Amino acid sequence: MKKIKSLVFLLVLIVLFPLSVKANEKINVYLFRRNGCGFCESALEFFTSLSEDEEYKEYFNLVEKEVSSSKKNASAMESVAKDLNVNLEGVPFIVIGKENFEGYTSSWNDTIKATIKKAYLNSDGSYQDVVKKYFDDSEKEKDNGAAVTIIILLVAVAGFGFLIYMAKEDSNVVVEEKEEKSKEEVKKTTTSKAKTTQKKKTTSKTKKTNSNAKKK
């Protein structure tokens, strides 16, 4: 029983582990840019340098979307700006979760870095990639992710249910063992009393017989 419970508990931990680390997966930082744009080049240089930093390279993936030669990228940028209620006037357009930066200046570097780190840690559960759905296979990945999450939750619930069931079974076995032991003790006590009573009767009868024999 204990071995089964241990295996179930280990299974539950394995199932829940991906959920617990999901928030610490690399996030996507989107850079919508245009060829020949000086500010876009400066932004790209900053993110390229940041992606080589020992700390920040673990936090994000840089996703570049060139808009002057791609109608799809340009359309996606406009849709994202609309979703974020941004009156977009040009590029670069930087999107990190639901946060965005219109244009670029090096004075924003610390703010951008803090935004990336906050999104990566996702301590308040606010991070949401609002750009991903506008690109290839995004909806399919979203559906697959939802399906995997549901399966994980179902397995976790089943694991917990089985664990509770096994705990109840162990409890019932303990109760049954106690009841059986109690019955055996009562039986032994009753048998012992019966033997004692029988012994007393036999002794008394023997004494009475011996007394009658002496009188004769």
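These lines cover the structure that appears in this document, whether it is placed above or below. (Residues numbered from 1 in each chain as written. Predicted model: local features only at pLDDT ≥ 70, side-chain atom pairs only at ≥ 80, totals over all residues. Heavy atoms only, no water.)

## Section: the overall build of the protein
Okay, so step 1: Along the backbone of the protein there are 5 helices and 4 strands.
Okay, so step 2: The linear arrangement of helices and strands in the protein, starting from the amino end, is α-β-α-β-α-β-β-α-α.
Okay, so step 3: Relative to its full complement of 216 residues, the protein shows a buried share of 27%.
Okay, so step 4: Here the analysis covers contacts within the protein between residues at least 6 apart in sequence; of these, 67% occur between residues at least 24 apart. (Helix = DSSP H or I, 4+ residues; strand = E, 2+ residues; numbered from the N terminus. Buried < 20%, exposed > 50% of the residue type's maximum accessible area, 1.4 Å probe, protein only. Contact = heavy atoms within 4.5 Å.)

## Points about helix α3 (residues 71–83)
Okay, so step 1: For α3, which comprises 13 residues, the first-to-last C-alpha distance of 18 Å matches the rise-based estimate of 18 Å (1.5 Å per residue) to within 8%.
Okay, so step 2: All of the buried residues in α3 are Asn 73, Ala 74, Ala 76, Met 77, Val 80 and Ala 81. Projected down its long axis, α3 carries its buried residues within an arc of 160°, all on one side. Of the exposed residues in α3, the ones pointing more than 90 degrees away from its buried face are Lys 71, Glu 78 and Lys 82.
Okay, so step 3: In the core, the buried residues of α3 are packed alongside β1 (27–33), β2 (60–66) and β3 (93–96). (Expected span 1.5 Å × (residues − 1). Arc of directions from axis to C-beta.)

## Topic: the side chain of Asn 122
Okay, so step 1: Its place among the elements puts Asn 122 in the loop between α4 (109–121) and α5 (138–215).
Okay, so step 2: In this structure the side chain of Asn 122 is engaged in a polar contact, spanning 3.0 Å, whose partner is the backbone nitrogen of Tyr 127. (Polar contact = N/O pair within 3.5 Å; in protein donor to acceptor, adjacent residues only side chain to side chain.)

## Brief notes about α4
Okay, so step 1: The end-to-end C-alpha distance of α4 is 18 Å, a good match for the 18 Å that 13 residues give at a rise of 1.5 Å each.
Okay, so step 2: Residues of α4 that are buried: Asn 109, Ile 112, Thr 115, Ile 116, Ala 119 and Tyr 120. Around the axis of α4, the buried residues are gathered within 130° of arc, so they sit on the same side. Those residues of α4 that are exposed and angled more than 90 degrees off the buried face are Asp 110 and Lys 118.
Okay, so step 3: Structurally, α4 contributes buried residues whose contacts are with β1, α2 (38–50), β2, β3 and β4 (99–102).
Okay, so step 4: One or two residues past the end of α4 sits Asn 122, with phi positive at roughly 50°.

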